[in-house]
Amino acid sequence: MKINELCKALGADVQTPGDGEREVTQVTAGDLLSFVMGTAPEGAAWVTIQTHLNVAAVAVLKDLPLILIAAGRKATPELKLRCEEEKICIATVGETIYGICGKLAELGLGE
Amino acid sequence: MAEPVSLEYKIEGNDYMVAGAASNNIKNTLKMLGIESDVCRRAAVVTYEAEMNLVIHAGGGILKALISEDKIELCTVDEGPGIPDIGKAMTEGYTTASDHAREMGFGAGMGLPNIKRNSDVFEIESTPGVGTQLKSTILFQK
């Protein structure tokens, strides 16, 4: 599914658009950065409640093109700026991580 | 590659704002050199975790990368507090990160295990009160 279609389906508030045309088929979820670093598949969407700048470092190094921030939290200005530079899409979703992952599963995305 | 490519970065302790920049630079250099993507991925994990260890635990240090014909050697040297029990530090889930670092999502206790898992050769030496030296080698496919 394309990133922009996915954001629309989730009713997400897109803070930086990134590459909206890029396809995403896998998802990772978690707030421990080393856990995500060690386990996330490249190219996956990442669901987290972390909003600070270091999130971008992990996303860049693991090539994660979409960060979905759960529970209505917003990216800090530093994170937003870095994601704009790196063409990573950041979007805020009102639901919890669980809720978002449930919807992503319904949309056909896997682990 | 005629000559090995050598990169060296001074990492500041507790500077979370630029953390990850050196790792990103090394990954981009590897990509630019046309190194296979699996090696780039593994090197990214190793350098990021090693860099974060310098930031979180060691009060800073040096991160070096030496890229040659058949391998990349990544090493860090610091003059931090050292690791009293390396066996414990290598256990997944064990961490001594501060509350502040944990709130930011660091301190999963996966840093050193992630480095080892992504290395072909992994060496670590540490002396409490003196510092820690870590070396990770990733071999290129033949």
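Residues numbered from 1 in each chain as written. Chains lettered and ligands numbered in written order. Predicted model: local features only at pLDDT ≥ 70, side-chain atom pairs only at ≥ 80, totals over all residues. Heavy atoms only, no water.

S.K.: When you look at the pairing of strand S4 (residues 121-127) of chain B in this model, what are you seeing that I'm missing?
M.R.: Within a regular strand, the side chains alternate between the two sheet faces. Residues and elements named next belong to chain B. By the alternation rule, side chains of S4 split into Phe-122, Ile-124 and Ser-126, which are all buried, and Val-121, Glu-123, Glu-125 and Thr-127, of which none is buried. Summarising the sheet, S4 and strand S5 (residues 131-139) pair through seven bridges and their orientation is antiparallel. Counterpart to Ser-126 in the pairing with S5 is Thr-132. The loop that links S4 with its antiparallel partner S5 comprises three residues; one of these, Gly-129, has a positive phi angle of about 85°. (Buried < 20%, exposed > 50% of the residue type's maximum accessible area, 1.4 Å probe, protein only. Helix = DSSP H or I, 4+ residues; strand = E, 2+ residues; numbered from the N terminus. Pairing = 2+ DSSP bridges.)

S.K.: Quick question: what am I supposed to make of the packing of aromatic side chains here?
M.R.: Residue and element names in this part refer to chain B. In the structure shown here, the tally under the stated rule is one aromatic pair over all chains. Measuring from ring centre to ring centre gives 5.5 Å for Tyr-16 and Phe-106, while their planes differ by 35°; the resulting arrangement is tilted. You can see Tyr-16 sitting in the loop between strand S1 (5-12) and helix H1 (21-32) and its partner Phe-106 sitting in the loop between helix H4 (99-103) and helix H5 (111-117), a full 90 residues away along the chain. For the residue pair Tyr-16 and Phe-106, the accessibility class agrees, reading buried in each case. (Phe/Tyr/Trp six-rings, centres within 6.5 Å; stacked < 30°, edge-to-face > 60°.)

S.K.: What's the story with the sheet that holds S5 of chain B in this structure? I'm lost.
M.R.: Residue and element names in this part refer to chain B. Reading across the sheet, the five strands line up as S1-S2-S3-S5-S4 and stay open at both edges, with antiparallel pairing between neighbours. Only two strands of the sheet have a single partner each, and these edge strands are S1 and S4. Each strand of the sheet is rotated relative to its neighbour by a mean of 10°, with strand direction disregarded. Where strand S3 (residues 71-78) and S5 come together, eight bridges link them in antiparallel fashion. Across the sheet, Val-77 pairs through a bridge with Gln-133, a residue of S5. The strands touched by H1 within the sheet are S1, strand S2 (60-67) and S3, with S1 carrying the most contacts at an inclination of about 165°. Across the sheet, helix H2 (residues 37-58) lies against S1, S2, S3 and S5, angled at about 5° from S3, the strand it touches most. (Axes fitted to C-alpha atoms, helices over the stretch in contact; angles between N-to-C directions. Contact = heavy atoms within 4.5 Å.)

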